[in-house]
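# Analysis of the macromolecular model
Here's the letter readout for the chains.
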Amino acid sequence: MWECMLFVWKNEYGCSHVNEGMNTNKALFLDRDGVINHRIVGGYVRNQHEFILQSEIIPLLRAARQMGYLLILVSNQQGVGKGVMTLEELEHVHEYMQEVLASELDGKGLDDINYCTELASANSIRRKPAPGMLLEAISEHSLDPTLCWFIGDSVSDAQAGRAAGVHTVLIGEHPAESADVIIPHHSGLLALIDLF
Ligand SMILES: [Mg+2]
């Protein structure tokens, strides 16, 4: 009896929200190399020893999660497509990343990990600057893109973010028009929380 009433109440509650739009969750999308860990210029992070945490990201991740943002990785990893590393090695790096982040974030790493291993020449709709990975995550997690942010360090990150309709941040020296917000250095990351 109670289960039945609860079911009806949930349905009515759900319907009232349908009119306002299905997607109400929000996420902080994150590029990996140059945002979560130090980028290896001209190379790839192939094992856990080469994964060096960019520690200035941690306070922002903590604050964003407290505000209800899902933390979602969106990373191009064509080193696999090039044969520089295997998919298994990439997944080991991500397992290690999750361990490191969990130890910094009260026991839980990122909420979701998306990566594209295809070569740039394959023109995949999932590979940034295309928005495929972002659009998949928006659908899968019922995200409202207008509530989401994407932090990257390459112009292709901001291009993907804009194509997916999310707010964009670029770290580093970039033309002002290349993203909604430019921060010259990682030390500016935590201040972003005032925009969220
Ligand atoms: Mg990057």
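What you see as residue numbers is a count from 1 along each chain, following the sequence as written. Local features in this predicted model are restricted to residues of pLDDT 70 or higher, and side-chain atom pairs are both shown and tallied only at a pLDDT of 80 or more, whereas totals for entire chains, interfaces and linings draw on every residue.

Here we take up the nonpolar core. If you look at the biggest cluster of nonpolar residues, it comprises 42 residues, and the most contacted ones within it are Leu28, Phe29, Leu30, Ile72 and Leu134. For this core, the secondary structure elements donating two or more residues are strand 1 (27-30), helix 2 (58-66), strand 2 (70-76), helix 4 (87-104), helix 5 (132-140), strand 4 (149-152), helix 6 (155-164) and strand 5 (167-171). Working definition of a contact: two residues with C-beta atoms, positioned from the backbone, lying within 7 Å. Discounting residues that sit within four places of it in the chain, leucine 134 has contacts with Phe29, Val74, Phe150, Ala160, Gly161, Ala164 and Val166. A set of buried Ala, Val, Leu, Ile, Met, Phe, Trp, Tyr and Cys residues, joined through C-beta atoms within 7 Å, is what we mean by a nonpolar core. With C-beta atoms placed from the backbone, the exposure class of a residue follows from how many other C-beta atoms lie within 10 Å of its own: 20 or more, buried; 12 or fewer, exposed; in between, partly exposed. Where helices and strands are cited, they refer to DSSP runs of H or I of at least four residues and of E of at least two residues respectively, numbered from the N terminus.

Attention now moves to the environment of glycine 68. Its place among the elements puts glycine 68 in the loop between helix 2 and strand 2. Its 11 C-beta neighbours within 10 Å are what place glycine 68 among the exposed residues. Separated by 42 residues in sequence, glycine 68 and lysine 26 place their C-alpha atoms 7.2 Å apart.

Once that is clear, we can look at the sheet that holds strand 1. Two strands pair under a simple rule: DSSP has to find at least two bridges between them. Pairing in this open sheet of six strands is parallel, and the strands run 3-2-1-4-5-6 from one edge to the other. Taken across any chain shown, the strands that pair with only one partner, and hence form the sheet edges, are strand 3 (112-116) and strand 6 (181-183). For this sheet the average axis-to-axis angle between neighbouring strands, irrespective of direction, equals 20°. Examined bridge by bridge, strand 1 and strand 4 share three bridges and lie parallel to one another. Along strand 4, the bridge assignment pairs leucine 28 with tryptophan 149. Under this scheme, a helix contributes an axis fitted over its contacting stretch, all axes are lines through C-alpha atoms, and angles between N-to-C directions fall in the 0 to 180 degree range. Packing of helix 5 onto the sheet brings it into contact with strand 1, strand 2, strand 3 and strand 4, and relative to strand 3 it is tilted by some 150°.

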